[in-house]
Amino acid sequence: MKAFVLLLFGVFALQTFAADAKRPNILFIYADDQSTKTVACYPEAWPWVKTPNIDALAKNGVRFHAAYLGSWCMPSRATMLTGRHPHGIESMSMEGVYPGSTYDPKQCPFVPAQMRQQGYQTAHIGKWHTGTDSGWGRDWDHQIVWNRPLHQDNAGAYYQTQITSIDGKEQTIEGYPADNYTQWSLDYIRGKNRDATKPWYLWLCYGSIHGPSTPAKRHKGGYKGEEVPVPADIFPPREGKPDYLNGTQAWTKGEDGQPVAGKNAKAKKAQRFDDWVRQVNECVPAIDEGVGQLIAALKETGQYDNTLVIYTADQGFAMGEHGFRTKLAPYDANYRSPFIVSMPSRFATGQFCDVSVNGPDLVATFLALTGVKVPWPVHGRDLTPLFEKPDAPWPHACYYENMGNEYGSKVTQTILTGAKQDSNHGVPLYSALVQDKFKFVHYLDGKSGEELYDLKNDPEELKNLIADPQHADRIVKLRDAMKAELARTEAGFAKAVK
């Protein structure tokens, strides 16, 4: 009888292993503050940009038109961890000196913990910006983390020595962080710090190309002398646009007429627009090299066919457009990030998907692919039909938002009571929706109004059509679609969109 039980256990174990072997690994590569203009396979990229490995990923997968993952670092990451828009994430809050933040794991459980409980090995490598508690041992089996909220004096060390926690033990790590993150991820892919019998999920969070955008020495000056066109609306006036843009204006005209950063063109350290754009782009090759090395490691270890690779960024970053030098605003230049998926053994290759997706959609897709169930409602929709057939019908609107530094029920309280909003660098709270190549923006501060853009004919979002009577019916339909999304995701402030 004992031998029979052992035999049955062995058969069960083999069956379980076989089932797990079919569950895909997920390599989720997450850059920071990256405009689509910095990725060569996107048509709006500057012609001199070179990202051969990211381009190769697109050639072996599907490049999406847009991802709207979050308005800034923390809410974008909170969404990736929960599958919910910021208005549906309870207990998350900013606390203390920036970027100090906190959350209650009981009120705010994370998806990786559920993945661990249901057969996956989970790992996080790189930047952490979602509470001082980074979740090692609860959400992550393996974690090498630069925890910005925990070490506030080291929170600006994007390109220098970092205080790093390796599976709960702190170390001070020298070297160029992007290269370190790549090497640690390569070690993990090759079997270090994980159970080789289980499928895995690795969230690799590069800190590049976030400011101060310092290139690796080997890449510094790589784009020297390249031409950088000035955006059409880097300076006002901007007829039809909300007044808050006058306060967020980040550029002024230098003595030679060229834009320089800041309010004072004569400041000694005032940086020219074109120099800054080239500098930002010189941070990208370190990530691109990492992508190439990671794909090579998947192939050499025989894991390539069973691994979904995703390349994206927490949000975009406006580079002069609408006068900005930041993220936050609802415009594509600020918010939209690259989104590329690749798993040639299972999904389409070399194709473009003209669909815009949001952060919760990514999480819903991960859950669908892995078979992991979570005991709370996820706000996204499974994207695998588009991975398989990028031109498949997709009737769903893409909703996204900016709730500043607020989350959960606090958002509703602020909006419905008319309390003073934390406008987060001058950008008001808003809800936005993209459908049928039109974008509708509803500001929630009670004074900035609404915006409508024809993304097909006006991709730079220069002309606000909200007052155009020809679009009156469309505005009604988009507003109704926004209300439907807010209701579906249980937003308590839905009635504020009238």
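See the structure printed just above.
Residues numbered from 1 in each chain as written. Predicted model: local features only at pLDDT ≥ 70, side-chain atom pairs only at ≥ 80, totals over all residues. Heavy atoms only, no water.

A. Structural view of the overall build of the protein chain. The number of helices and strands found in the protein chain is 13 helices and 18 strands. For 498 residues, the compact-globule estimate of 2.2 N^0.38 gives 23 Å, and the protein chain sits close to it at 23 Å. Taken along the three principal axes of its C-alpha coordinates, the protein chain extends 85 × 50 × 45 Å. Restricting the contact set of the protein chain to residue pairs at least 6 apart, pairs at least 24 apart contribute 68%. (Helix = DSSP H or I, 4+ residues; strand = E, 2+ residues; numbered from the N terminus. Rg over C-alpha atoms; globule rule 2.2 N^0.38 Å. Contact = heavy atoms within 4.5 Å.)

B. The sheet that holds strand β16 (residues 430-435), seen in detail. Taken in spatial order, the four strands line up as β15-β16-β17-β18 in an open sheet, and their pairing is antiparallel. Looking along the sheet, the strands with just one partner apiece sit at the ends: β15 (398-402) and β18 (450-454). Along the sheet, successive strands turn relative to each other by an average axial angle of 15 degrees, direction set aside. Both β15 and β16 contribute to a ladder of five bridges, which runs antiparallel. Of the residues in β16, the one forming a bridge with Glu 401 is Ser 431. (Pairing = 2+ DSSP bridges. Axes fitted to C-alpha atoms, helices over the stretch in contact; angles between N-to-C directions.)

C. Summary view of the pattern of salt bridges. Following the criterion strictly, the structure yields 22 salt bridges and no others. Its salt-bridge partner being Lys 327, residue Asp 33 comes within 3.0 Å of it at the nearest N-O pair. Of the two residues, Asp 33 sits in the loop between β1 (25-31) and α2 (52-59) while Lys 327 sits in the loop between β12 (307-313) and α9 (332-335), which places them 294 residues apart along the sequence. On the basis of relative accessible area, Lys 327 is assigned to the buried category, the value being 9%. (Salt bridge = Lys/Arg side-chain N within 4 Å of Asp/Glu carboxyl O. Buried < 20%, exposed > 50% of the residue type's maximum accessible area, 1.4 Å probe, protein only.)

D. Structural detail: the pairing of strand β17 (residues 438-443). Counting buried positions along β17 yields six of six residues, so the element is predominantly enclosed. Residues Phe 438, Phe 440 and His 442 line one face of β17 and the alternating positions Lys 439, Val 441 and Tyr 443 line the opposite face, and both faces are buried. Relative to β17, β16 is paired through six bridges, and the arrangement is antiparallel. Paired with Leu 433 across the bridge in β17 is Phe 440. In this antiparallel pair of consecutive strands, β16 and β17, the connection spans two residues, and Asp 436 shows a positive phi of 55 degrees. Note that β17 and β18 share five bridges and pair antiparallel. Among the inter-strand pairings, His 442 is bridged to a residue of β18, identified as Glu 450. In this structure, the hairpin formed by β17 and β18 is closed by a connection of six residues, where Gly 446 is found at a positive phi of approximately 80 degrees.

E. Representation of helix α5 (residues 177-189) within the structure. With 13 residues, α5 should cover 18 Å at 1.5 Å per step; its first-to-last C-alpha distance of 18 Å lies within 8% of that length. With 10 of 13 residues buried, α5 is to be regarded as a mostly interior element. Just downstream of α5, Gly 191 is the residue with a positive phi angle, here 115 degrees. (Expected span 1.5 Å × (residues − 1).)

F. View of the sheet that holds β1. The strand order across the open sheet formed by 10 strands is β8-β7-β6-β5-β9-β1-β12-β13-β2-β14, and the pairing between neighbours is mixed. Every interior strand has two partners, whereas the edge strands, β8 (169-173) and β14 (351-358), have only one. Pairwise comparison of adjacent strand axes, ignoring direction, gives a mean angle of 20 degrees for this sheet. In this fold α2 packs onto β2 (62-68), β12 and β13 (337-342), with an angle of close to 55 degrees to the strand it touches most, β13.

G. Spotlight on the packing of aromatic side chains. Taken as a whole and assessed by the stated rule, the structure comprises 27 aromatic pairs. Relative to Tyr 400, the ring of Tyr 68 has its centre 4.3 Å away and its plane inclined at 5 degrees; by these criteria the two rings are stacked. Of this pair, Tyr 68 sits in strand β2 while Tyr 400 sits in strand β15, placing them 332 residues apart in sequence. Tyr 68 sits in the buried class, given a relative accessible area of 1%. Between the aromatic rings of Trp 251 and Trp 276, the centroid separation amounts to 5.5 Å while the plane-to-plane angle is 55 degrees, which identifies the pairing as tilted. With Trp 251 in strand β10 (residues 251-253) and Trp 276 in helix α7 (residues 273-281), this pair connects stretches of sequence that are 25 residues apart. Taking relative accessible area as the criterion, Trp 251 reaches 3% and is therefore assigned buried. Owing to a relative accessible area of 5%, Trp 276 belongs among the buried residues under this scheme. The lysine or arginine in question, Lys 299, covers the ring of Tyr 304, its NZ or CZ lying 4.9 Å from the ring centre. Taking the ring centre of Phe 438 as reference, the NZ or CZ of Arg 474 above it sits at 3.8 Å. (Phe/Tyr/Trp six-rings, centres within 6.5 Å; stacked < 30°, edge-to-face > 60°. Lys NZ or Arg CZ within 6 Å of the ring centre and 35° of its normal.)

H. Region of interest: empty space enclosed by the protein. Scanning the model with the defined rule gives three cavities of 30 Å³ or more in all. Approximately 50 Å³ is the volume found for the largest cavity. Every residue lining the largest cavity is counted, 13 residues in all, and those nearest its centre are Tyr 68, Leu 69, His 85, Pro 86 and Tyr 335. Of all the secondary structure elements, the ones that give two or more residues to the lining of the largest cavity are α10 (359-370) and β15. The biggest single contributor to the lining of the largest cavity is β15, with three residues. For the lining of the largest cavity, the residue count by class is seven nonpolar, five polar and one charged. (1 Å grid on protein atoms, 1.4 Å probe; cavity = no way out; pocket = protein on both sides within 12 Å on 5 of 7 lines; lining within 4 Å. Points joined across faces, edges and corners; volume = space filled by probe spheres on them. Nonpolar A, V, L, I, M, F, W, Y, C, P; charged D, E, K, R; others polar.)

I. Region of the structure containing the environment of Ile 26. Take Ile 26: it is sitting in strand β1. For Ile 26, a relative accessible area of 0% gives the class buried. Sequence separation of Ile 26 and Thr 370 is 344 residues, and the distance between their C-alpha atoms is 8.9 Å. Aside from chain neighbours lying at most four places away, what touches Ile 26 is Trp 200, Tyr 201, Leu 202, Leu 308, Phe 366 and Thr 370.

J. Molecular detail of the environment of Pro 231. Along the polypeptide, Pro 231 turns up in the loop between β9 (200-205) and α6 (244-247). On the accessibility criterion, Pro 231 (13% relative accessible area) is buried. Separated by 176 residues in the primary sequence, Pro 231 and Asp 55 place their C-alpha atoms 25 Å from one another. Those residues in contact with Pro 231, other than ones at most four positions away along the chain, are Phe 273, Met 319, Gly 320 and Glu 321.

K. Up close: helix α3 (residues 73-82). Among the 10 residues that make up α3, 10 are buried, leaving the element largely enclosed by the rest of the structure. Residue Gly 83 follows α3 closely and has a positive phi angle near 80 degrees.

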